[in-house]
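Structural features, examined
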Amino acid sequence: MFGEQKVSFSGVQPSGNLTIGNYLGAIRNFSEYSEKYKTFYCVVDQHAITVRQVPADLRRRTYETLALYMACGLDPNKNTLYVQSMVHEHAELAWILNCFTMFGELSRMTQFKDKSARHADNINAGLFTYPTLMAADILLYQTDVVPVGIDQKQHVELCRDIAERFNQLYPGTFTVPEPIMAKHGMKIMSLAEPTKKMSKSDENANAVVYILDDRDTIIRKFKRAVTDSGSEIRYDVNEKPGVSNLMTIYSCFTGKSIEEIEREFDGRGYGDFKLAVGEATADALAPVQADFRAYMSDKAGLEAQMKKGTEEASWYACRTLSKVAKKLGFVQVR
Ligand code: ATP
Ligand code: LTN
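Around ligand 2, 14 residues are found, and the nearest of them are Gln13, Tyr130, Met134, Asp137 and Gln152. Tyrosine 130 has a polar side-chain atom sitting 2.5 Å from an oxygen atom of ligand 2. Contact distances for ligand 2 include 2.7 Å between a nitrogen atom and a side-chain N or O atom of aspartate 137. In the complex, 92% of the free accessible area of ligand 2, which totals 360 Å², lies under the protein chains.

And the structure:
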């Protein structure tokens, strides 16, 4: 809560091409709060450098992520859209929170364990303390809700623990946030290995549908998607993880319930079904792609939005950081 206003905050890393997992699990749900909440949606470029990035790619993807936010329906006049590294309070609060986060807590984070296994040559301290930067992002804005995919739930729970610990020592400092997950779509699985999360950093491009893939590519990827033995279109995550994942995607893009989908494809084969999923996905993404291209063709417009968002976010961030500094006993003479 900032004053009387409830707050929603979330972030996406500009670390690769965004997938339909990012879209259905996170970005699409951001706009749900635009009317009633004060909303902050950040391009978290400082998180992205925990693994090596090519500077030109990071820069381009930062613009692209902001353009995608807007193309996915986030109106910059109703939502504060900005870039993390342009608001220096994030890194400052992260340092402070590092001093209130336990080594053991960070060691238990599954994303750290996964990423350090995948990047064994670069297990840097940033990768380890990543959740405290994420906690700083969230707590700076006195956030009530954090719309995320299920893979981020553990980080938001750690953020709650940090906030509660801090509040116990310095009462009334932070709002304790809650993770909010889409009912369906909180974990879209890989098309090649449907027991694994669809991830933008997957090396197999056929396992992943990107928001910006063209229609033919989308349809081809779904045609090739791994399905299960048998031929029935039935939702059963344990027995039929491939088909169940496709049903979730189809449900998210068409608004049809799982029961309606089972009825629609009763007696029909996987071929028909996969084509329908591909077409529904391509149809739903087409307007997002068109808007994305329009926003990307106006770099000055994007920069103006970044500037506006930075100014708005900085005002809130500065308020919280100076409250924290006062509570801690830092001298502030200005
Ligand atoms: P990486 O593969 O590099 O770890 P990522 O694809 O997980 O990245 P992030 O930028 O870390 O992408 O995530 C942005 C948001 O998208 C987060 O809220 C995350 O939970 C959500 N998200 C990512 N992948 C999926 C998925 N497969 N299903 C649902 N939500 C997802
Ligand atoms: N850690 C998240 C991205 C992220 C985020 C946040 C999400 C950084 N800061 C604050 C919600 C709130 C990820 O890897 N997907």
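In this structure the tally under the stated criterion is 20 aromatic pairs. Ring plane angle 75° and centroid distance 6.2 Å describe the contact between phenylalanine 100 and tyrosine 170, whose orientation is recorded as edge-to-face. In this pair, phenylalanine 100 sits in the loop between α4 (89-98) and α5 (103-107) while tyrosine 170 sits in the loop between α8 (153-169) and β5 (178-180), placing the two residues 70 residues apart along the sequence. Aromatic pair phenylalanine 166 and tyrosine 170: ring centres 4.9 Å apart, planes at 40°, arrangement tilted. Judged by relative accessible area, tyrosine 170 falls into the partly exposed class, the value being 21%. Three or more aromatic residues joined by ring pairs make a cluster, and in this case those are Phe2, Phe9, Phe40, Tyr82, Tyr141, Trp315 and Tyr316. Stacked on the ring of phenylalanine 40, the Lys or Arg lysine 38 has its end atom at 5.3 Å from the ring centre.

For α4, the full list of buried residues reads Glu89, His90, Leu93, Ala94, Ile96 and Leu97. End-on, the buried residues of α4 take up no more than an arc of 165°, which puts them together on one face.

Now for the pattern of salt bridges. Scanning all chains against the criterion turns up 15 salt bridges. The partner of glutamate 64 in a salt bridge is arginine 60, with the nearest N and O atoms 3.2 Å apart. Remark: arginine 60 and glutamate 64 occur in helix α3 (residues 55-71); sequence separation between them is 4 residues, near one turn of the helix. Judged by its relative accessible area of 16%, glutamate 64 falls in the buried class. Note that lysine 308 and glutamate 312 form a salt bridge whose closest N and O atoms lie 3.3 Å from each other. With a gap of 4 residues between them, lysine 308 and glutamate 312 both fall in helix α13 (residues 299-328), about one helical turn apart. A relative accessible area of 25% means that glutamate 312 is categorised as partly exposed. Here the salt bridges do not stand alone but share partners, grouping Asp57, Arg60 and Glu64 into one network.

As a further point, take helix α1 (residues 20-30). For α1, the buried fraction is high: 9 of the 11 residues fall into the buried class. Every buried residue belonging to α1 is among Ile20, Gly21, Tyr23, Leu24, Gly25, Ala26, Ile27, Asn29 and Phe30, and all of these are buried. Capping the start of α1 is the job of one residue whose side-chain oxygen sits 3.0 Å from the backbone nitrogen of glycine 21: threonine 19.

Moving on: the environment of glycine 149. Tracing the sequence through the fold places glycine 149 in the loop between β4 (145-147) and α8. Note on glycine 149: relative accessible area 10%, which makes it buried. Along the backbone, glycine 149 and valine 83 are 66 residues apart, and their C-alpha atoms lie at a distance of 20 Å. Filtering out sequence-adjacent residues up to four positions away, glycine 149 remains in contact with Gly25, Met181 and Met186.

Near ligand 1 lie 21 residues; those nearest to it are Asp151, Ile188, Lys197, Ser199 and Lys200. Between lysine 197 and ligand 1, the recorded distance is 2.5 Å, taken from a side-chain N or O atom to an oxygen atom. Between an oxygen atom of ligand 1 and a side-chain N or O atom of lysine 200, the distance comes to 2.8 Å. When the free accessible area of ligand 1 is taken as 600 Å², the share hidden by the protein chains comes to 96%.

Thresholds applied
- Residues numbered from 1 in each chain as written.
- Chains lettered and ligands numbered in written order.
- Predicted model: local features only at pLDDT ≥ 70, side-chain atom pairs only at ≥ 80, totals over all residues.
- Heavy atoms only, no water.
- Near = heavy atom within 4 Å.
- Polar contact = N/O pair within 3.5 Å; in protein donor to acceptor, adjacent residues only side chain to side chain.
- Areas by Shrake-Rupley, 256 points an atom, 1.4 Å probe, with all protein chains shown as cover.
- Phe/Tyr/Trp six-rings, centres within 6.5 Å; stacked < 30°, edge-to-face > 60°.
- Helix = DSSP H or I, 4+ residues; strand = E, 2+ residues; numbered from the N terminus.
- Buried < 20%, exposed > 50% of the residue type's maximum accessible area, 1.4 Å probe, protein only.
- Lys NZ or Arg CZ within 6 Å of the ring centre and 35° of its normal.
- Arc of directions from axis to C-beta.
- Salt bridge = Lys/Arg side-chain N within 4 Å of Asp/Glu carboxyl O.
- Contact = heavy atoms within 4.5 Å.

Taken by themselves, the reported measurements are silent on function.
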